[in-house]
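Structure assessment
Below, each chain spelled out in residue letters.
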Amino acid sequence: MKLVAENTHRKDNGDDALIPLINIVFLMLIFFMVAGQISKSDAAFVSPPESISEAYVDDEALQILLDADKQLWLNDEQIALEDLDAPLIAAFEQVENPDSFSLAIKADGDVPVEALQALMQRIKAAGFRRITLLTQPGEEQP
Amino acid sequence: MQLEAFPGKKRRGISLTPLIDVVFILLLFFMLSSNFMHWRQISLSSANQTENKPDEIEIVRVESDAGRVTHDGKTYQLTDLDGLRTLVAAAPEAVYAVEAAPEVKTQTLVSLLDQLHRAGAQKVSMTGVLP
């Protein structure tokens, strides 16, 4: 006596075992597509200071990177502090409405304040006034 | 005469393997290129702070990365929010100008800014340390 009929279930495809895997992979794919945002990666790794500031970043701002080794980066190229004026002024002249031109400093949280001071003095000396420091929201402190 | 494209091969459903290949590649792409950092900003501009001459400027100086803060000869701790509250409560309308000792990290300075805001200071200025 046979208990299992041979032809009642479909012929085994071999791929059927993969369907749970595909489910998970699709789920992850959708998560990363929706939750992440694709953006150009920075020239240098910067771990910004944490702050409670809630002001959103001005995407139009020209970003200057200051990494943990006190190296400056502008437009993905390393630049010396003394050479900063010319490219900043060139960028300012190319922008459409100069009134809203602003600079964003993306400084590492471990950078000593003096390095930031020197950079700020240089930028101010070049004549720019709208400067922001980029931060990221940290864990809530009690 | 009967023509058969794939003689001997029985038609099956669509094979899932190529689909998985593509989905895996997409997944890898999105995993590696997506960015979960949420950026915020602090304004360092001094232009909008020229309204009136402030009545008083209280200088708060951060001395070390360990969080020692001095103001008017007294020492506070950065984590001691109650102590900072009493500091701010004495003059809530004053402009608190933040200063930093040499070799203090940017993170510590930003933390002091945050703590002064938490303690109730309305105007906190970085222009002392960042001209």
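Nothing here was measured: the structure is a model prediction, and the numbers come from that model.

1. A few points about the overall build of chain A
- Within chain A, the regular secondary structure consists of three helices and seven strands.
- When contacts within chain A are restricted to residue pairs at least 6 apart in sequence, long-range pairs at least 24 apart make up 73% of them.

2. Let's talk about the interface of chain B and chain A
- Contacts between the two partners involve 40 residues from chain B and, on the opposite side, 45 residues from chain A.
- Elements supplying a minimum of two residues to the side of chain B that touches chain A: α1 (17-33), β1 (34-35), β2 (40-43) and α3 (106-118) of chain B.
- Top contributing element to the side of chain B that touches chain A by residue count: α1 of chain B, with nine residues.
- Taken together, the residues of the side of chain B that touches chain A sort by class into 22 nonpolar, 13 polar and five charged.

3. Here we look at unusual backbone geometry
- Notably, K70 of chain A is not glycine yet its phi reads approximately 65 degrees, a positive angle.
- Among the secondary structure elements, K70 of chain A is positioned in the loop between β3 (62-66) and β4 (72-74).
- With a phi angle near 70 degrees, E103 of chain B is a residue other than glycine that sits in the positive phi range.
- Looking at the secondary structure, you find E103 of chain B in the loop between β6 (95-100) and α3.
- Residue classification places E103 of chain B among the exposed residues on the basis of 10 C-beta atoms within 10 Å.

4. Structural notes on the pairing of strand β7 (residues 131-137) of chain A
- Across the seven residues that make up β7 of chain A, a large majority, five, are buried.
- One ladder, built from two bridges, connects strand β2 (residues 50-51) of chain A with β7 of chain A; its direction is parallel. Within β7 of chain A, the residue paired with S51 of chain A across the bridge is P137 of chain A.
- Inspection of the sheet shows strand β6 (residues 103-107) of chain A paired to β7 of chain A by three bridges, in the parallel sense. In the sheet register, I105 of chain A faces β7 of chain A, and the bridge partner there is L133 of chain A.
- This β-α-β element, β6 of chain A to helix α3 (residues 113-125) of chain A to β7 of chain A, shows right-handed connectivity.
- With four bridges connecting them, β7 of chain A and β2 of chain B associate as antiparallel partners. Along β2 of chain B, the bridge assignment pairs T132 of chain A with S43 of chain B.

5. Examining the nonpolar core
- Judged by nonpolar contacts, the single largest core of 43 residues is most densely connected at L66 and I105 of chain A together with L109, L112 and L116 of chain B.
- Elements with a minimum of two residues in this core: β3, β6, α3 and β7 of chain A together with β3 (57-62), α2 (81-90), β6 and α3 of chain B.
- Among all residues touching I105 of chain A, those that are not within four sequence positions of it are I64, L66, L119, I131, L133 and L134 of chain A.

6. Overview of the pairing of β3 of chain B
All names here are of chain B.
- Across the two faces of β3 the burial differs, with E58, V60 and V62 buried and I57, I59 and R61 not buried at all.
- For β3 and β6, the ladder comprises six bridges, and the chain directions are parallel. Looking at the pairing, I59 lines up with A97 of β6.
- Sheet topology places β3 next to strand β4 (residues 68-71); two bridges connect them, and they run antiparallel. Bridging across to β4, V62 finds its partner in V69.
- Counting the residues between successive antiparallel strands, the hairpin from β3 to β4 contains five residues, one of them, G67, with a positive phi of roughly 105 degrees.

7. Comments concerning the packing of helix α1 (residues 19-35) of chain A against α1 of chain B
- Remark: α1 of chain A packs on α1 of chain B, axes separated minimally by 9 Å, with the N-to-C direction vectors making an angle of 35 degrees. Classified by chirality, the crossing of α1 of chain B by α1 of chain A is left-handed. Residues I22, V25, F26, M28, L29, F32 and M33 of chain A of α1 of chain A form the contact with α1 of chain B, whose own contacting residues are I20, V23, F24, L26, L27, F30 and M31 of chain B.
- Partitioned by chemical class, the residues of the contact of α1 of chain A with α1 of chain B number 14 nonpolar, no polar and no charged.

8. Overview of the confidence of the model for chain A
- On average, residues of chain A score 79 in pLDDT, and 87% of them are at 70 or above.
- When pLDDT is averaged over each helix and strand of chain A, the minimum, 80, is found for strand β1 (residues 37-38) of chain A and the maximum, 89, for α1 of chain A.

9. Let's talk about the sheet that holds β6 of chain B
Residues and elements named next belong to chain B.
- Ordered by their spatial adjacency, five strands build an open sheet running β5-β4-β3-β6-β7, and the pairing between neighbours is mixed. Edge positions in the sheet fall to β5 (74-77) and β7 (123-125), since each of these pairs with one other strand and no more. Ignoring which end each strand starts from, the neighbouring axes of this sheet average 30 degrees apart.

Cut-off values and rules
- Residues numbered from 1 in each chain as written.
- Chains lettered and ligands numbered in written order.
- Predicted model: local features only at pLDDT ≥ 70, side-chain atom pairs only at ≥ 80, totals over all residues.
- Helix = DSSP H or I, 4+ residues; strand = E, 2+ residues; numbered from the N terminus.
- Contact = placed C-beta atoms within 7 Å.
- Nonpolar A, V, L, I, M, F, W, Y, C, P; charged D, E, K, R; others polar.
- Buried ≥ 20, exposed ≤ 12 C-beta atoms within 10 Å, placed from the backbone.
- Pairing = 2+ DSSP bridges.
- Right-handed = clockwise from strand over helix to strand, strands pointing away.
- Core = buried A, V, L, I, M, F, W, Y, C linked by C-beta atoms within 7 Å.
- Axes fitted to C-alpha atoms, helices over the stretch in contact; angles between N-to-C directions.
- Left-handed = near helix turned anticlockwise from the far one by under 90°.
- pLDDT = per-residue confidence, 0-100.

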